[in-house]
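Spelled out from the first residue to the last, the chains are:
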Amino acid sequence: MQTDLVIEENCSLRDCNSFGLPAVARRLVRVTSEADVKRLVDDARLGRAPKFILGGGSNIVLTRDIASDVVVKVEVRGRQLVEERDDAWIVEAGAGESWHDFVAWTLDQQWPGLENLALIPGTAGAAPVQNIGAYGVELSDRFDSLDAVDLTTGRTVTLAVDALRFGYRDSIFKHELAGKSVITRVRFLLPRPWRPVLGYVDLARKVAERGPTAPDARQIFDWVCEIRRAKLPDPAVIGNAGSFFKNPVVTLEQCRDIIGRDPSVVHYPMTDGSVKLAAGWLIDACGWKGKSIGRAGVYDRHSLVLVNRGGASGAEVVTLARAIQESVYGRFGIRLEPEPVVV
Ligand code: EPU
């Protein structure tokens, strides 16, 4: 028998965003299956109200209550091996699964490939939206396909890698499909044979410390957790949304100009001739590490992470972010672009 969706009213979203920012949803609906999402489309009580789709809330800055949109909290669970091929394992996660728990589970099942992406906060369904990445691996490197329900037609679509238009912390779900469809399931392609990705400087250091024995996927997972715990705050303890700005990409000329003035600027040449700069370094160089504006601050162990020092509002976070952008622009002529979505 089909049961009606439960519409919760005036819900606090403080525990639904990793920054711990205060905001209220006038109407919130939890969806636990694809069928629930389809019900959402047909529900006369909701009419054509726009939908605000919330995953793990680890990549948003809430500056206001959500009054006109219906907040859709995606809680679709489940994880399974879809196919075991000679060249890959295809593994599927419900969009509401915790990303880190899913990564740990794949390793427990002896399906390696996601270990470099350990401990990233958020859900499996949100992972492709911003193409999460860390320690030399981006989600797009391990993506197979996803199922999403179109919020206008109620139809399920399956999108493969080309349709996602992945970029650096970017996909079609941040543009044309933003708010238009709900991701319900994501499938990952874990290549066989497994090959470790150890090029990132922090991991290369671990390898050098360990000596000649090659690490397995579990060892890399443990290292990544260790590295992240040492420099990034745990959102369960200190509210934050990971890196607050993207690492800016500049031309070789711009980079040379900055090196001329600041030879120690951390930079990475890209294959297309442009250069990526470490935004954390730029912010640090402007003296922001450990500083605060109101109750929003710059983490004292990593300048790219803005934190809620306790009771901060979204407006305080945005004020701090703007002040950082201005000082980095003033000193380096570079406009930093926020990574999280500001609502
Ligand atoms: N740095 C400083 N001062 C700081 C912070 C960093 O000088 O306060 C320097 C570091 O010493 C290092 C460089 O900046 O030489 C880069 O720092 P890090 O290795 O920590 O990486 P990142 O570029 O700051 C990116 C991702 C992270 C990801 C790591 C590891 C972005 C915006 N951030 O950070 O992703 O975990 O690489 O791959 O691309 C996230 O997106 O939320 C996130 C945490």
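Residues numbered from 1 in each chain as written. Predicted model: local features only at pLDDT ≥ 70, side-chain atom pairs only at ≥ 80, totals over all residues. Heavy atoms only, no water.

> Mind showing me how you'd approach the domain arrangement of the protein chain here?
Think of interface size as the accessible area that goes away when the parts come together; that is how it is often given. The domain boundaries assigned to the protein chain delineate domain 1 (7–74), domain 2 (79–191) and domain 3 (239–342). Computed from C-alpha coordinates alone, the two centres of domain 1 and domain 3 are separated by 30 Å. Taken together, the 11 residues of domain 1 in the interface contact 17 residues of domain 3. A buried area of about 1,000 Å², summed over both sides, lies between domain 1 and domain 3, and 62% of it is on carbon and sulfur atoms. When the buried surface of domain 1 facing domain 3 is broken down by residue, Phe-19, Asn-59 and Val-61 rank first, second and third, together holding 58% of it. Between the two partners, domain 1 and domain 3, sit 0 salt bridges. Between the two partners, domain 1 and domain 3, sit 5 residue pairs in polar contact (both at pLDDT 80 or more). Grouping the constituent residues of the side of domain 1 that touches domain 3 by class yields 6 nonpolar, 5 polar and no charged. (Domains from an automatic or database assignment. Contact = heavy atoms within 4.5 Å. Buried area = accessible area lost by both parts, 1.4 Å probe. Salt bridge = Lys/Arg side-chain N within 4 Å of Asp/Glu carboxyl O. Polar contact = N/O pair within 3.5 Å; in protein donor to acceptor, adjacent residues only side chain to side chain. Nonpolar A, V, L, I, M, F, W, Y, C, P; charged D, E, K, R; others polar.)

> Even after reading the chapter, I still don't get the layout of surface pockets, so can you show me in this structure?
Here the second largest pocket is characterised by a volume of approximately 460 Å³. As for the second largest pocket, its lining consists of 20 residues, of which Leu-119, Pro-121, Asp-234, Pro-235 and Ala-236 are closest to the centre. Elements with a contribution of two residues or more to the lining of the second largest pocket: α5 (217–231) and β13 (239–243). Composition of the lining of the second largest pocket by domain shows at least three residues from each of domain 1 (7–74) and domain 2 (79–191). (1 Å grid on protein atoms, 1.4 Å probe; cavity = no way out; pocket = protein on both sides within 12 Å on 5 of 7 lines; lining within 4 Å. Points joined across faces, edges and corners; volume = space filled by probe spheres on them. Helix = DSSP H or I, 4+ residues; strand = E, 2+ residues; numbered from the N terminus.)

> I keep staring at the packing of helix α2 (residues 99–108) against α5 and nothing clicks. Help me out?
Any two packed helices are characterised by how steeply their axes cross, that is the angle between the axes, and by the distance between the axes. Where α2 meets α5, the axes come as close as 10 Å, and the angle between the chain directions of the two elements is 155°. Considered as vectors, α2 and α5 are oriented roughly antiparallel to each other. Of the two elements, α2 crosses α5, and the hand of that crossing is left-handed. Residues His-100, Val-103, Ala-104, Leu-107 and Asp-108 of α2 form the contact with α5, whose participating residues are Ala-217, Arg-218, Phe-221 and Cys-225. The residue inventory of the contact of α2 with α5, partitioned by class, reads 6 nonpolar, 1 polar and 2 charged. (Axes fitted to C-alpha atoms, helices over the stretch in contact; angles between N-to-C directions. Parallel < 35°, antiparallel > 145°, perpendicular 65-115°, else oblique. Left-handed = near helix turned anticlockwise from the far one by under 90°.)

> When you look at the state of the cysteines in this model, what are you seeing that I'm missing?
Should the sulfur atoms of two cysteines be covalently bonded, the bond is a disulfide. All told, the structure shown has 0 disulfides when counted by the stated rule. The thiol sulfur of Cys-11 is not disulfide-bonded, and the nearest other cysteine sulfur, from Cys-16, lies at 7.7 Å. (Disulfide = S-S within 2.5 Å.)

> Mind showing me how you'd approach the pairing of strand β12 (residues 181–191) here?
Within a regular strand, side chains alternate between the sheet's two faces. Counting buried positions over the 11 residues of β12 gives 8, a clear majority of the element. When strand β7 (residues 88–94) meets β12, the two strands line up antiparallel, connected through 7 bridges. Residue pairing for β12: Gly-94 is matched across the bridge by Arg-185. In terms of strand pairing, strand β10 (residues 143–150) meets β12 through 7 bridges, oriented antiparallel. Following the sheet pairing, Ser-145 is matched in β12 by Arg-187. (Buried < 20%, exposed > 50% of the residue type's maximum accessible area, 1.4 Å probe, protein only. Pairing = 2+ DSSP bridges.)

> Just checking my understanding: could you explain the packing of helix α4 (residues 201–210) against α5 for this structure?
With their axes 10 Å apart at the nearest point, α4 and α5 run at an angle of 120° to one another. If you check the angle between α4 and α5, you find them oblique. Judged by the sense of rotation from one axis to the other, the crossing of α4 with α5 is right-handed. For the pair formed by α4 and α5, the contact residues are Asp-202, Leu-203, Lys-206, Val-207 and Arg-210 on the first element and Gln-219, Ile-220, Trp-223, Val-224, Glu-226, Ile-227 and Lys-231 on the second.

> What is the right way to look at the environment of Glu-84 in this model?
The residue Glu-84 is located in strand β6 (residues 79–84) in this model. On the accessibility criterion, Glu-84 (52% relative accessible area) is exposed. As for Glu-84 and Gly-56, which are separated by 28 residues in sequence, their C-alpha atoms are 29 Å apart. Here the side chain of Glu-84 touches Trp-89 through a polar contact of 3.5 Å, side chain to side chain. A distance of 3.4 Å separates polar atoms of two side chains, one belonging to Glu-84 and the other to Arg-192.

> Is there a simple way to think about the nonpolar core in this case?
What tends to happen in soluble globular proteins is that the nonpolar side chains get buried as a cluster. The biggest cluster of nonpolar side chains holds 56 residues, and the ones touching the most others in it are Leu-40, Trp-99, Phe-102, Leu-146, Phe-173 and Phe-188. Broken down by secondary-structure element, the contributors of at least two residues to this core are β2 (24–31), α1 (34–42), β5 (70–74), β7, α2, β10, β12 and α5. The dominant element in this core, judged by the number of residues it contributes, is α5, at 7 residues. Residues lining this core come from more than one domain, with at least three contributed by each of domain 1 (7–74) and domain 2 (79–191). Counting 31 residues, the second largest nonpolar core, distinct from the first, contains Val-275, Ala-296, Val-318 and Ile-324. (Core = buried A, V, L, I, M, F, W, Y, C linked by side-chain atoms within 4.5 Å.)

> Explanation requested: unusual backbone geometry in the structure shown.
With the exception of glycine, the majority of residues adopt a negative phi angle, and the majority of peptide bonds are in the trans configuration. A cis amide bond links Arg-192 with the next residue in sequence, Pro-193, at an omega value of -5°. Turning to its location among the elements, Pro-193 is positioned in the loop between β12 and α4. Residue Asn-10 is not a glycine yet carries a positive backbone phi of 50°. One can find Asn-10 in strand β1 (residues 7–12). We classify Asn-10 as exposed; its relative accessible area is 54%. Look at Gln-110: it is not a glycine, yet its phi comes out positive at around 70°. Here Gln-110 is to be found in the loop between α2 and β8 (133–134). By relative accessible area, which is 61% here, Gln-110 ends up exposed.

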